[in-house]
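Examination of the molecular architecture
Single-letter residue listing:
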Amino acid sequence: MIDGRRIKPISYLKSHAAEVLRDLAETGKPLVITQNGEGRAVLLDINEYEKQRENWLIASILMKREAQGDRETARPAEEVFEEIRKKHLGDTQ
């Protein structure tokens, strides 16, 4: 659930853009932007976005594998995640 202090009108974003970006980077917490009293967008720091994107991708792949009944030989989770990162995100760490 989003903290009520993390909900701002679009006019706030327009007049405090630099402050908003600094806050996103420092806290890592999302900010909801409203327009005419309704939620319209969620702003995230780029690093938080990338973490969430990777998590969504991994979860999606794991759910697809489970739904397809893909039962590979058991391997350490970190090995599987690294394989997924390389295959789907181009990560070569």
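In case you missed it, the structure is sitting above this.
Notes on the structure in this doc start here. (Residues numbered from 1 in each chain as written. Predicted model: local features only at pLDDT ≥ 70, side-chain atom pairs only at ≥ 80, totals over all residues. Heavy atoms only, no water.)

**Here's the deal with the overall build of the protein chain**
- Counting its regular elements, the protein chain contains 4 helices and 3 strands.
- The secondary structure elements of the protein chain, listed N-terminal to C-terminal, are β-α-α-β-β-α-α.
- Out of the 93 residues belonging to the protein chain, those deemed buried represent 16%.
- The long-range share in the protein chain, meaning contacts at least 24 apart out of those at least 6 apart in sequence, stands at 32%. (Helix = DSSP H or I, 4+ residues; strand = E, 2+ residues; numbered from the N terminus. Buried < 20%, exposed > 50% of the residue type's maximum accessible area, 1.4 Å probe, protein only. Contact = heavy atoms within 4.5 Å.)

**Some points on the pattern of salt bridges**
- Across all of its chains, the model carries 7 salt bridges by this definition.
- Of the charged contacts in the structure, one is a salt bridge between Lys51 and Glu48, with a shortest N-O distance of 3.4 Å. Highlighted residues: Lys51 and Glu48, both in helix H3 (residues 46–67), separated by 3 residues, approximately one helical turn.
- Between Glu78 and Arg85 there is a salt bridge; the shortest N-O distance is 3.3 Å.
- For Arg85, a relative accessible area of 13% translates into the label buried.
- The structure contains a network of salt bridges with shared partners spanning Glu54, Glu78, Glu82 and Arg85. (Salt bridge = Lys/Arg side-chain N within 4 Å of Asp/Glu carboxyl O.)

**Structural notes on the sheet that holds strand S3 (residues 38–43)**
- Pairing in this open sheet of 3 strands is mixed, and the strands run S1-S2-S3 from one edge to the other. Whereas interior strands pair on both sides, the edge strands pair on one side only; in this sheet they are strand S1 (7–9) and S3. Going across the sheet, the axis of each strand differs from the next one's by a mean of 35°, ignoring polarity. (Pairing = 2+ DSSP bridges. Axes fitted to C-alpha atoms, helices over the stretch in contact; angles between N-to-C directions.)

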